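This is what each chain is made of:
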Amino acid sequence: MAKAPIPARDGISPLRVVLRSVVPSDRTYYAGASGDSGFAFGSVLEPGTVLPKPTPAWYHEEVPPEDPIPFQEIPVFQGCGLMVVDKPAFVPSTPNGRLVRETVQTRQRVATGNDDIVAVHRLDRLTCGLLALSTSAETRGFYQQQFAHRHAKKRHRAVVSGHLPLGTEWQTFELPMLKVKGERQVRVDTRGKKTVTRARLLQDHLVELEPLTGHTHQLRVLCSHLGAPIDGDDTYPIDKRLQLDNFSDTLKLCATHLELDLWGGVGRGVWTSPRLVESGFWASTE
């Protein structure tokens, strides 16, 4: 990732662009790194300056205020260049175009004054539970790669609206899933990417899910495909359209368990969501 010559502003990272011909006057641009650039790294590129060749630059996007989302993430762990929080439903993990300020990543940057905080995986906006964020550029790749290479261990619990074809022993489901640009729903389609999920029944209508791949809406699609959509799902099987200000229907899906190797070779971290009991995800047999 290219290094930015300017810091984040209000917890929001600057954006990179390649300018051509003339420096625009729509905002302030700062020279980026380039081996043959005629501009000092981080210097202001004056509007109207003629550019003899394409020039990398950075700028701050104007982000309008956002209505506060009235739910707050819960700190679970901090250390070894890592922060684990318990994310509430309705708050996105990272900026997504629609919401930038009211995301866990931006909120935590502002709260801590640390602009190096970056989520190293994602949870859907409507999914609650454990979310891991790197707190330094040095450790970011270490934690991201554990998710990319399936070395991180994640488990979710879901309350479903029907009866899934499951027993109390783990079963493995492989489904091809296709995300079409511009569509909210992910399809089960032979043209899609292979997804792998382990699942088991904990008690009537309560299932435990372990995603071994990381496809968009993977667990929600699986449950709906098997005939028992997750309670509170606004997209499967029926798309109720995006309603960012509707906090009335809570998706009953929680990332309850997370395991990661910790930076520095100090062992493996294991965390459980504090929402496990509060949100009704606790099995009566436990």
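Keep in mind it's a predicted model, so treat the numbers as computed, not measured. (Residues numbered from 1 in each chain as written. Predicted model: local features only at pLDDT ≥ 70, side-chain atom pairs only at ≥ 80, totals over all residues. Heavy atoms only, no water.)

> Help me understand the UniProt feature "domain: Pseudouridine synthase RsuA/RluA-like" (unreviewed entry) in the protein, please; the structure alone is not making it clear to me.
When the UniProt feature table is mapped to this numbering, "domain: Pseudouridine synthase RsuA/RluA-like" (unreviewed entry) covers residues 82–225. In residues 82–225, the share of helix is 20% and the share of strand is 35%. The end C-alpha atoms are 35 Å apart. (UniProt positions renumbered as here; feature names shortened; annotations may be inferred. Helix = DSSP H or I, 4+ residues; strand = E, 2+ residues; numbered from the N terminus.)

> Honestly, the side chain of glutamate 66 in this entry has me stumped. Any pointers?
Along the chain, glutamate 66 turns up in the loop between β4 (55–59) and β5 (74–79). No salt bridge is formed by the buried glutamate 66; its nearest oppositely charged neighbour, arginine 101, is found at 5.5 Å. Among the polar contacts listed, one links the side chain of glutamate 66 to the backbone nitrogen of valine 100, at a separation of 2.7 Å. A polar atom in the side chain of glutamate 66 sits 3.0 Å from the backbone nitrogen of arginine 101. (Buried < 20%, exposed > 50% of the residue type's maximum accessible area, 1.4 Å probe, protein only. Lys, Arg positive; Asp, Glu negative; His and termini not counted. Salt bridge = Lys/Arg side-chain N within 4 Å of Asp/Glu carboxyl O. Polar contact = N/O pair within 3.5 Å; in protein donor to acceptor, adjacent residues only side chain to side chain.)

> Please clarify how the sheet that holds strand β2 (residues 29–31) should be interpreted in this entry.
Paired through backbone hydrogen bonds, the strands of a sheet run either parallel or antiparallel to each other. The antiparallel open sheet is built from four strands, whose spatial order is β1-β4-β2-β3. With partners counted over all chains shown, the strands left at the sheet margins are β1 (15–19) and β3 (44–45), one partner each. Sheet topology places β1 next to β4; five bridges connect them, and they run antiparallel. Paired with leucine 19 across the bridge in β4 is threonine 55. (Pairing = 2+ DSSP bridges.)

> Sorry, what's going on with the domain arrangement of the protein here?
For an interface, size is often stated in terms of accessible area lost upon the parts coming together. The domain architecture assigned to the protein consists of domain 1 (15–59) and domain 2 (74–281). Measuring from the centre of the C-alpha atoms in domain 1 to the corresponding centre in domain 2 gives 39 Å. (Domains from an automatic or database assignment.)

> When you look at unusual backbone geometry in this model, what are you seeing that I'm missing?
Across the chain, the bulk of peptide bonds are trans and the bulk of non-glycine residues have phi less than zero. In this model, tyrosine 236 is joined to proline 237 through a cis peptide bond whose omega is 0 degrees. Looking at the secondary structure, you find proline 237 in the loop between α3 (218–225) and β14 (253–261). At serine 21, a residue that is not glycine, the phi angle is positive and equals roughly 75 degrees. Of note in the backbone geometry, phenylalanine 90 takes a positive phi value of approximately 85 degrees without being a glycine. On the secondary structure map, phenylalanine 90 appears in the loop between β6 (82–87) and α1 (104–112). For phenylalanine 90, a relative accessible area of 3% gives the class buried.

> Please explain the pairing of strand β12 (residues 193–203) as it appears in this structure.
For a regular strand, the rule is simple: side chains alternate between the two faces of the sheet. In this structure, strand β10 (residues 171–179) lies alongside β12, joined through seven bridges in antiparallel fashion. Across the sheet, glutamine 171 pairs through a bridge with alanine 199, a residue of β12. Pairing between β12 and strand β13 (residues 206–211): six bridges, direction antiparallel. Bridge pairing in β13 places alanine 199 opposite leucine 209. Where β12 hands over to β13, the hairpin turn is made up of two residues, of which histidine 205 adopts a positive phi near 75 degrees.

> Just checking my understanding: could you explain α1 for this structure?
For an α-helix, the turn length of 3.6 residues means that residues three or four places apart are oriented alike. The complete set of buried residues in α1 reads Val104, Gln105, Thr106, Arg107, Gln108 and Arg109. Looking at the buried positions of α1, the neighbouring elements they touch are β6, β7 (118–119) and β8 (128–134). Note on α1: the residue one or two positions beyond its end, glycine 113, has a positive phi of about 75 degrees. (Contact = heavy atoms within 4.5 Å.)

> Explanation requested: α3 in the structure shown.
With seven of eight residues buried, α3 is to be regarded as a mostly interior element. When α3 is considered as a whole, its buried residues turn out to be Gln218, Leu219, Arg220, Val221, Leu222, Cys223 and Ser224. For α3, the secondary structure elements touched by its buried residues are β9 (153–159), β10, β11 (186–188), β12, β13 and β14. Looking one or two residues past α3, glycine 227 carries a phi angle of roughly 95 degrees, positive in sign.

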